[in-house]
Every structure is written in C-alpha cells, then in structure tokens.
Amino acid sequence: MLRLDVTKQLGEFTLEAAFESEGRVTGLFGASGAGKTSLVNMIAGLLRPDRGTISIDGEILDDTAKGIHVPAWRRRIGYVFQDARLFPHLNVRQNLDYGRRMNGLPDDAEQKKRVTDLLDIGHLLDRRPGKLSGGERQRVALGRALLAKPRLLLLDEPLGALDEGRRAEILPYLVRLRDEARIPMVYVSHDAAEMRQLATQIVLLQRGRVSSFGGVKVLS
Amino acid sequence: MFDITPTEWTAVLLSIRVATVATLVATPLGIALAFLLARRDFWGKSLLDALVHLPLVLPPVVTGYLLLLAFGRRGLFGAFLADHLGIVFAFRWTGAALACGVMSFPLLVRPIRLSIEAVDRKLEQAAETLGARPWLVFFNVTLPLALPGVLAGMVLGFAKAIGEFGATITFVSNIPGETQTISSAIYSLIQTPDGDTAALRLVIVSIVIAVAALIGAEVFARRATARLHGN
C-alpha cells in the first residue's frame, strides 16, 4: 500500500497532496502542470518534500518531522521516464542488467527471459540505444526497471513521447505487465483513454491538489 | 642535421617523462576537482575556481618561485615531505613534473568540467532509481559520458606540460639529465655559439610530439564519442 501526504513549494506553485492507494495500478491523472511528475519524483526519492510523509507497505520512506529521507538508490522503486533515459554508452543487454548489478541481485536467467519475452526485446540485446526506435527504447526502459525487481513501479507518461502508432504498439505490453508482473504501479498520464485501459484506481490531480479519488468512474 | 646527440635525446626523453607523470598524477585530481566545480555548491567555490586558474594568469616565473618557496628543501611543504616521506622536489625531475602539473592544471580541468556539466543529469537520476549509490553513479554514468572531455583535458595538459619553461626553470633550474627539458635545452642552445642547428633539431622534435599528441587525441575523442552515441 502506498500512503502519501506531502507539501512541496516549487517556485510559485504549491503541491499539497495526500492519498492512500492499494490498487494494482494507481492512475495519477491531471493536466500538464498539475504536479504529477513532481509527486512521482517524491515517491522515487529524487525530490524531497518540504513537509509530510511517504510510505510503502508501512515502511517509511520520507518523514520530514522525524528527519527521515531514504535516498532513491535504496528505495527499490522502479521508474520508467517519459524519455526512456537508457544509458547511451551501454548496449541493451547491459542496460537491462544494470539494476540487478547495482542491487547485488543474483543473475536470474528465467526472469530475464520472461521479461524480454513479455516486452519482445530479445532481438535487440546487442544494440545500442542510439539504434533503437522510440517504441523499442521505451520497452527496454520498462524491462530495465522491471529487472531491478522493484516493489513499486512508477511510470511517468511512458507513452507521452510517442506518436499514435507507437502508443498502440506499447499499450498492450503495459496491460500484460499489469496482469502478469504482480508489481504495483503508479501510472501518470493526462490521457483519459489510457487511464481507463490501465488504471484500477484514479487520483485526480488539479493545480497541485488531489481533487478526487476513486475508481475509473472518477474520469467521467 | 638530423643526428640527434645523446644529450638532446636525454632532454627529449626527460620532457616526455616529466609531462607523462605530470598528466597522469594531475588527471585524477583534475577529475575530482572538475566534478566538485561542476556539480557541487559549497562555501569558497569561486575562490577555489580562481586558485585553479591562477597559474594561467600569473607570470610563470612567479608560479615557479612560489613553488620554490613552498616545495624547496627548506620550504613549508618541501621540508616536511623530505623529512617524513623522503620526497624531494627541488632540483629534481620530480620538481619539473610538479611545476608542469601545476602549470597545465587549469587547461586539464576546464574541458573535464565542461564535459561533466554537459552530462544529462536525468541519466544520473535514472541510475539512482536503479539502485546505484552516488559513487557508482559517478563511475558508471557520469565519468564514461564525460570521457571525451577527460581525454581532451589530458592532451591539452600534456601539450602544455611538455612545453612548460618559465616555472620549471625557476623552480628546478636547468640541469642536463635531471631537469633539462626540451624547452630549457633549446634555451641553452640558443645562448651557445653554434647551437642553432641543435636548437632547430629540438624545435622539430617538439613540433612532432605536439602534432602526434593532437592527432592521437582526435582519434581517441572520435572513438569515445562514437561509443557514447551508440554507433
């Protein structure tokens, strides 16, 4: 369970959000500039809240009152960015393996095969990110996050940088991921159709505040 | 004309040794400093930045003399290093390497700093979310991506070190076989009657070394850049 109650001043903009979600896929929905990415960065540990608490399954990751801030690299929270952010100097295989190596996990050939099959990236392993299409890059980024065996997966508009055709290419993978990977996800988007397909719970964010919370019905 | 005498060879080899040692010792320090200047905010940062650039704007003689005061036998650090660690800089080739290292440091640091500043911090964040602690992020992501700049800095530093004259001759004098580099050998030859041909030979040698270093750097930098862009 993800539990969050934070305040953060970002220039003129105040982000003040609180919610609790037990859904398999928590959809963070709102217009651009509503504070979605900042909120996700706080969950990842890349941004420190000015005030408040963040916890997953009872484990406190941030508690400003107690001075707790678990650094991002110790959180075991996967993050798929809108712009993939694959390491350009490593090939796909090395990119995929990075999280496992950094977390000191044993080599798990079976899981590797499962993830590369799920995302259809087995034929790309020896390529560099520079030689991949936008859709392929995003699939590799998904695989890289998954193979670090995170306890929560954050997806910040993973389809945002792709054109319509590419979106349609990736969306089925995300659905399969939700149904097969058994990792809770926070999915950020401003696209209602995407949300309806993927999310099981919706947090509606408006100008830095949570304006509604509930099932997919919230969107209509 | 092209018979290089043993004395001249000694000067050439010494120059190469001095510049190589200076560059190899200065590079890790330069990388650390470049990282601090590029990525951290701390008290006295502008002062440190100015201090690094000082050898670039001071007359080399002044830098050499300051080195003599600090690292001479009776100098502030020189006495300590000689008594406790047995390291002597004064009138040794190691002193020439120190002088060359100090003089070339600003040229070494600058391209490294610029290339670290150019590394996309979003990639560093991505590494963090994958479980990489800060020093691993640096060695796995920042440094490899800044490699072309590191190579450029090393070549510039090496080129400057091999040509350094003023600070070196002030600090460690001009002793053949110990501190006489190509530059100081050329200087001595010009002052000797009939030294012109020999001076010219060394001039040609130094041009060859400089051009070779530049070509080498270009090749390395191209390869490194190609690697980074995944081609």
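A few points on the structure. Given the structure is predicted, the values throughout are model-derived calculations rather than measurements. (Residues numbered from 1 in each chain as written. Chains lettered and ligands numbered in written order. Predicted model: local features only at pLDDT ≥ 70, side-chain atom pairs only at ≥ 80, totals over all residues.)

### Some remarks on the overall build of chain B
If you tally the helices and strands in chain B, you get 11 helices and zero strands. Along its sequence from the N terminus, chain B presents helices and strands in the succession α-α-α-α-α-α-α-α-α-α-α. If you line up chain B on its principal axes, its C-alpha atoms span 70 × 45 × 30 Å. Look at the contacts in chain B between residues 6 or more apart in sequence, and 76% of them connect residues 24 or more apart. (Helix = DSSP H or I, 4+ residues; strand = E, 2+ residues; numbered from the N terminus. Contact = placed C-beta atoms within 7 Å.)

### Some details on the overall build of chain A
A count of helices and strands for chain A gives six helices and 11 strands. Against the compact-globule benchmark of 17 Å for 220 residues, chain A has a radius of gyration of 17 Å, which places it among compact chains. With the principal axes as the frame, chain A shows a C-alpha extent of 45 × 40 × 30 Å. Counting the 220 residues in chain A, one finds 42% classified as buried. If you take every contact in chain A between residues at least 6 apart in sequence, the share linking residues at least 24 apart comes to 72%. (Rg over C-alpha atoms; globule rule 2.2 N^0.38 Å. Buried ≥ 20, exposed ≤ 12 C-beta atoms within 10 Å, placed from the backbone.)

### Here we look at the interface of chain B and chain A
In this complex, chain B contributes 19 residues to the contact, which on the side of chain A involves 23 residues. Of all the elements in the fold, those that place two or more residues in the side of chain B that touches chain A are α6 (121–129), α7 (134–145) and α11 (196–228) of chain B. Considering every element that reaches the side of chain B that touches chain A, the biggest residue donor is α6 of chain B, with six residues. Of the residues contributing to the side of chain B that touches chain A, the split by class is nine nonpolar, six polar and four charged. (Nonpolar A, V, L, I, M, F, W, Y, C, P; charged D, E, K, R; others polar.)

### What to know about the pairing of strand β1 (residues 2–10) of chain A
Residue and element names in this part refer to chain A. Relative to strand β2 (residues 13–21), β1 is paired through nine bridges, and the arrangement is antiparallel. Bridging across to β2, Asp 5 finds its partner in Ala 18. Hairpin connection, β1 to β2: the antiparallel pair is bridged by two residues, and Gly 11 has positive phi, about 65°. (Pairing = 2+ DSSP bridges.)

### Concerning unusual backbone geometry
All names here are of chain A. For Arg 76, which is not glycine, the phi dihedral falls at a positive 55°. Following the sequence through the fold, Arg 76 ends up in the loop between β6 (68–69) and β7 (77–80). With 18 C-beta atoms packed within 10 Å, Arg 76 lands in the partly exposed category.

### Here's the deal with the packing of helix α2 (residues 45–57) of chain B against helix α5 (residues 93–118) of chain B
Residues and elements named next belong to chain B. Packing of α2 against α5 leaves a shortest axis separation of 8 Å and a crossing angle of 120°. As α2 runs across α5, the sense of the crossing is left-handed. Each of Val 52, His 53, Pro 55 and Leu 56 in α2 lies in contact with α5, whose residues at this interface are Val 102, Met 103, Phe 105, Pro 106 and Val 109. Grouping the amino acids of the contact of α2 with α5 by side-chain chemistry returns eight nonpolar, one polar and no charged. (Axes fitted to C-alpha atoms, helices over the stretch in contact; angles between N-to-C directions. Left-handed = near helix turned anticlockwise from the far one by under 90°.)

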